[in-house]
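# Summary of the model geometry
Here is what each chain is made of, one letter per residue.
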Amino acid sequence: MTKSCPPPSTSDGAPAREEQARALCLRLLTARSRTRAELAGQLAKRGYPDDISARVLDRLAAVGLVDDVDFAEQWVHSRRTNAGKGKRALAAELRTKGVDNDVITAVLDGIKPAAERDRAEKLVRARLRRESLNNENDDARATRRLVAMLGRRGYSQSMAYDVVSTQLAAERERRRV
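Since the model is a prediction, treat every value here as computed from it, not as a measurement.

### Digging into the UniProt feature "domain: RecX first three-helical" (unreviewed entry) in the protein chain
- Residues annotated by UniProt as "domain: RecX first three-helical" (unreviewed entry) correspond here to residues 21-60.
- Along residues 21-60 one finds 80% helix and 0% strand; the C-alpha atoms at either end are 11 Å apart.

### Describing helix 3 (residues 50-62)
- Compared with an ideal rise of 1.5 Å per residue, which puts 13 residues at 18 Å, helix 3 spans 18 Å between its outermost C-alpha atoms and is within 8% of the ideal.
- Those residues of helix 3 that are buried are in contact with helix 1 (14-31) and helix 2 (36-45).
- Just downstream of helix 3, glycine 64 is the residue with a positive phi angle, here 90°.

### Considering the packing of helix 7 (residues 113-128) against helix 9 (residues 157-176)
- In the contact formed by helix 7 and helix 9, the axes pass within 9 Å of each other and the chain directions differ by 45°. Between helix 7 and helix 9, the crossing angle belongs to the class labelled oblique. Handedness of the crossing formed by helix 7 with helix 9: right-handed. Residue-level contacts link Glu116, Arg117, Ala120, Glu121, Val124, Arg125 and Leu128 of helix 7 to Met159, Asp162, Val163, Val164, Thr166, Gln167, Leu168, Glu171 and Arg175 of helix 9.
- Its residues assigned to classes, the contact of helix 7 with helix 9 comprises seven nonpolar, two polar and seven charged.

### Notes on the pattern of salt bridges
- This structure, assessed with the given rule, holds 13 salt bridges.
- For arginine 36, the salt bridge is made with aspartate 58, and the minimal N-O distance between the two is 2.6 Å. You can see arginine 36 sitting in helix 2 and its partner aspartate 58 sitting in helix 3, a full 22 residues away along the chain.
- With relative accessibility at 27%, the residue arginine 36 sits in the partly exposed group.

### Examining the domain arrangement of the protein chain
- According to the domain assignment, the protein chain contains domain 1 (14-63), domain 2 (68-110) and domain 3 (113-176).
- Computed from C-alpha atoms alone, the centre-to-centre distance between domain 1 and domain 3 is 45 Å.

### Observations concerning the packing of helix 4 (residues 68-83) against helix 6 (residues 101-108)
- Relative orientation of the contacting elements helix 4 and helix 6 amounts to 45°, with a least axis distance of 10 Å. The angle between helix 4 and helix 6 falls in the class oblique. Of the two elements, helix 4 crosses helix 6, and the hand of that crossing is right-handed. Of the residues in helix 6, those touching helix 4 at Asp68, Val69, Ala72, Glu73 and Val76 are Val103, Val107 and Leu108.

### Focus: the environment of serine 132
- Along the polypeptide, serine 132 turns up in the loop between helix 7 and helix 8 (136-152).
- Sequence separation of serine 132 and alanine 142 is 10 residues, and the distance between their C-alpha atoms is 8.3 Å.
- When residues no more than four places from it in sequence are discounted, the contact partners of serine 132 are Asp138, Arg141 and Arg175.

### Description of the UniProt feature "domain: RecX second three-helical" (unreviewed entry) in the protein chain
- If you check UniProt for "domain: RecX second three-helical" (unreviewed entry), the listed places come out as residues 67-108 in our numbering.
- For residues 67-108, the end-to-end C-alpha separation is 17 Å, with 81% helix and 0% strand making up the annotated structure.

### Topic: the environment of lysine 45
- Position of lysine 45 among the secondary structure elements: in helix 2.
- On the basis of relative accessible area, lysine 45 is assigned to the exposed category, the value being 62%.
- Distance from lysine 45 to alanine 92, taken between C-alpha atoms, is 23 Å for residues 47 residues apart in sequence.

### Some thoughts on the nonpolar core
- If you look at the biggest cluster of nonpolar residues, it comprises 16 residues, and the most contacted ones within it are Val124 and Leu150.
- Elements with a contribution of two residues or more to this core: helix 7, helix 8 and helix 9.
- Setting aside its immediate chain neighbours within four residues, valine 124 contacts Leu146, Leu150, Val163, Val164 and Gln167.

Reading the values: the criteria
Residues numbered from 1 in each chain as written. Predicted model: local features only at pLDDT ≥ 70, side-chain atom pairs only at ≥ 80, totals over all residues. Heavy atoms only, no water. UniProt positions renumbered as here; feature names shortened; annotations may be inferred. Helix = DSSP H or I, 4+ residues; strand = E, 2+ residues; numbered from the N terminus. Expected span 1.5 Å × (residues − 1). Contact = heavy atoms within 4.5 Å. Axes fitted to C-alpha atoms, helices over the stretch in contact; angles between N-to-C directions. Parallel < 35°, antiparallel > 145°, perpendicular 65-115°, else oblique. Left-handed = near helix turned anticlockwise from the far one by under 90°. Nonpolar A, V, L, I, M, F, W, Y, C, P; charged D, E, K, R; others polar. Salt bridge = Lys/Arg side-chain N within 4 Å of Asp/Glu carboxyl O. Buried < 20%, exposed > 50% of the residue type's maximum accessible area, 1.4 Å probe, protein only. Domains from an automatic or database assignment. Core = buried A, V, L, I, M, F, W, Y, C linked by side-chain atoms within 4.5 Å.

Here it is, written out as structure tokens:
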């Protein structure tokens, strides 16, 4: 009967713990990309010491598996395309993911105001098609609902109201013809 040799380690088992922490991070990264703060939080939740976490995360960052700037760019593109989120909502989501404010500002500065307005107009047009607009009460109700929808998605109140007013007038004109 042969004995298995334990991995080389010090008395505190640091290399083994470091390998376990690295394996955990790699498993988490296979599902989706994550920020350094998210991975650090998962490691802390599972009781890994800060020094081991820092070494593992530094190594993952050095090989390009953890990159908060790349994560933020991908997140913004995905959430704008699929969920129609505005800058304010995107910034809040990135903050909850642990992305640095400088990175958030840099990534969101790439979104042009005209592009943000265009996305808001598309969202409103899609919703307006389903609204009944038979009288002024319907207009007021649709305006409230659409401005609230844009507000929840992170668009400013003034832009939301302006976009809804413009699109509501265009939809009324389209239905008249």
